[in-house]
Amino acid sequence: MLNRRCVAALLALPALLGTAGLAQAQAFPAKNVRWVVPYPAGGGSDFLARTIGQQLASQVNQTILVDNKPGGNTSIAAAEVARAPADGYTILSADNGTMVFNSALYAKLPYNPDKDLTPVTLMGKFPMILVVGPGSDAKDAKDFVAKAKAQPGRINYGSAGAGSPHHLAMELLKVNAGLHLVHIPYRGAAPALADLAGGQVSAMMVDLAAGAAFIKSGKIRPLAVANPTRLAQLPDVPTFAELGFKGVEAAAQVGVVAPAGTPAEVVNTLQKQIATAINTPAVRQKLIDFGIEPVASTPKEYSDLIRSEVVRWHALIQKQKISLD
């Protein structure tokens, strides 16, 4: 009799666990959610989290606490979230640096993007744009490439920082077009743009969210977009592919991740709620106006994207011998 009872209990266990997981997902979130952003307030990642977070809060009737934790090319925030309880109440805005670049740029990291963090959804993309300052007489991107080839090592470019999507997007162009350009890293896109407009650097890759005001005012000129299609905000600016530079596609990709081990039911609930927030017409339009391409992918789609991006960008980083150690 005892053995029969044990067998019955064991057979019932999976069903009980499944019911518990479902109940946990249905109850989630039952308290405030802490949303960690690995950049200072005011930037594109911060805008994305706060805009979506505000809508998310109204959907789930809980407070979404945006917590800015900049530093270490996002590794400080990533390590903190990786150590947080795996219950869905601490999430992270993760970009290419967090999930793709850092593991190739650093020999040691305080977190492992594959083992310590679980992809929830890709929120949006910030496509990169090649821009030049007033001192450049390049008529278009083809002309810029021709001039750079004629003066190897004589033309410099700025970036938002070593290892940033802006930096690696220009390295991608360098490899694709066979250029020798000198990299001048800055602490953020804003000072790099200011020096580009002032003539201290010749060119840079920038996302529309950061560079729109400079482009609209005529302080800098866009030459090409590193996107599969033209941007609605810059309909007259061709893609690199249109100009014959196949494969020059790059964007800052910002998603949400949770600590590894977060129950699948909670991850799926988070994804559905965040996707609903992104696809709310008013929110979606705010993102587009800011220069963001809204996405709202599934956890699997985001995981698959990260894996493919790791292959692509790690090969480039190794080829260019880029290291931040």
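This text follows the structure it describes.
I will try to describe carefully the structure that is included in this document. All values reported here derive from a predicted model rather than from experimental measurement. (Residues numbered from 1 in each chain as written. Predicted model: local features only at pLDDT ≥ 70, side-chain atom pairs only at ≥ 80, totals over all residues. Heavy atoms only, no water.)

1. Thoughts on the overall build of the protein chain
When you go through the protein chain residue by residue, the secondary structure sums to eleven helices and ten strands. Scaling as 2.2 N^0.38, a compact globule of 325 residues should have a C-alpha radius of gyration of about 20 Å, and the protein chain matches this with 22 Å. Its C-alpha atoms give the protein chain principal-axis dimensions of roughly 90 × 40 × 35 Å. When each of the 325 residues of the protein chain is scored for burial, the buried share is 49%. (Helix = DSSP H or I, 4+ residues; strand = E, 2+ residues; numbered from the N terminus. Rg over C-alpha atoms; globule rule 2.2 N^0.38 Å. Buried < 20%, exposed > 50% of the residue type's maximum accessible area, 1.4 Å probe, protein only.)

2. Regarding the layout of surface pockets
What the largest pocket holds in volume is close to 930 Å³. Lining the largest pocket are 36 residues, with Tyr39, Pro40, Ala160, Gly188 and Ala189 sitting closest to its centre. Contributing elements (two or more residues each) for the lining of the largest pocket: helix H2 (44-60), helix H4 (96-105), helix H6 (165-177), helix H7 (189-198), helix H8 (208-216) and strand E9 (251-259). The residue makeup of the lining of the largest pocket, split by class, is 18 nonpolar, 15 polar and three charged. (1 Å grid on protein atoms, 1.4 Å probe; cavity = no way out; pocket = protein on both sides within 12 Å on 5 of 7 lines; lining within 4 Å. Points joined across faces, edges and corners; volume = space filled by probe spheres on them. Nonpolar A, V, L, I, M, F, W, Y, C, P; charged D, E, K, R; others polar.)

3. Let's talk about the packing of H2 against helix H9 (residues 264-278)
Closest axis-to-axis distance for the H2/H9 pair is 9 Å, and the angle between their directions is 120 degrees. As for the relative orientation of H2 and H9, their crossing is right-handed in sense. Contacts between H2 and H9 pair Ile52, Gln55, Leu56, Gln59 and Val60 from the former with Gln273, Ile274, Thr276, Ala277 and Ile278 from the latter. Here the residues of the contact of H2 with H9 are counted per class, giving six nonpolar, four polar and no charged. (Axes fitted to C-alpha atoms, helices over the stretch in contact; angles between N-to-C directions. Left-handed = near helix turned anticlockwise from the far one by under 90°. Contact = heavy atoms within 4.5 Å.)

4. Observations concerning the environment of Leu243
In this fold, Leu243 is placed in the loop between strand E8 (221-225) and E9. Sequence-wise, Leu243 and Thr118 are 125 residues apart; in three dimensions their C-alpha atoms are separated by 38 Å. When near neighbours in sequence (up to four residues on either side) are disregarded, Leu243 contacts Ala141, Lys142, Leu223, Ala224 and Pro238.

5. Section: helix H3 (residues 75-82)
For H3, the full list of buried residues reads Ser75, Ala77, Ala78, Ala79 and Val81. Of the surrounding elements, those touching the buried residues of H3 are strand E1 (33-37), strand E3 (90-94), H4, strand E4 (117-132) and E9.

6. Brief notes about unusual backbone geometry
In this structure, Pro29 follows Phe28 across a cis peptide bond, with omega equal to -5 degrees. Secondary-structure assignment places Pro29 in the loop between helix H1 (2-27) and E1. The backbone of Asn61 sits at a positive phi, close to 55 degrees, despite the residue not being glycine. Take Asn61: it is sitting in the loop between H2 and strand E2 (64-68). The phi angle at Thr74 is positive, at roughly 80 degrees, despite the residue not being glycine. The residue Thr74 is located in the loop between E2 and H3 in this model.

7. A word on the packing of aromatic side chains
Taken as a whole and judged by the stated rule, the model has four aromatic pairs. Ring geometry for Phe28 versus Tyr89: centroids 4.9 Å apart, planes at 55 degrees, classification tilted. Of this pair, Phe28 sits in the loop between H1 and E1 while Tyr89 sits in the loop between H3 and E3, and the two are 61 residues apart along the sequence. Tyr89 matches Phe28 in its accessibility class, with the two residues each being buried. Taking 6.3 Å as the distance between ring centres and 75 degrees as the angle between the ring planes, the aromatic pair formed by Phe240 and Phe245 counts as edge-to-face. (Phe/Tyr/Trp six-rings, centres within 6.5 Å; stacked < 30°, edge-to-face > 60°.)

Functional significance is not addressed by these values, which are geometric in nature.
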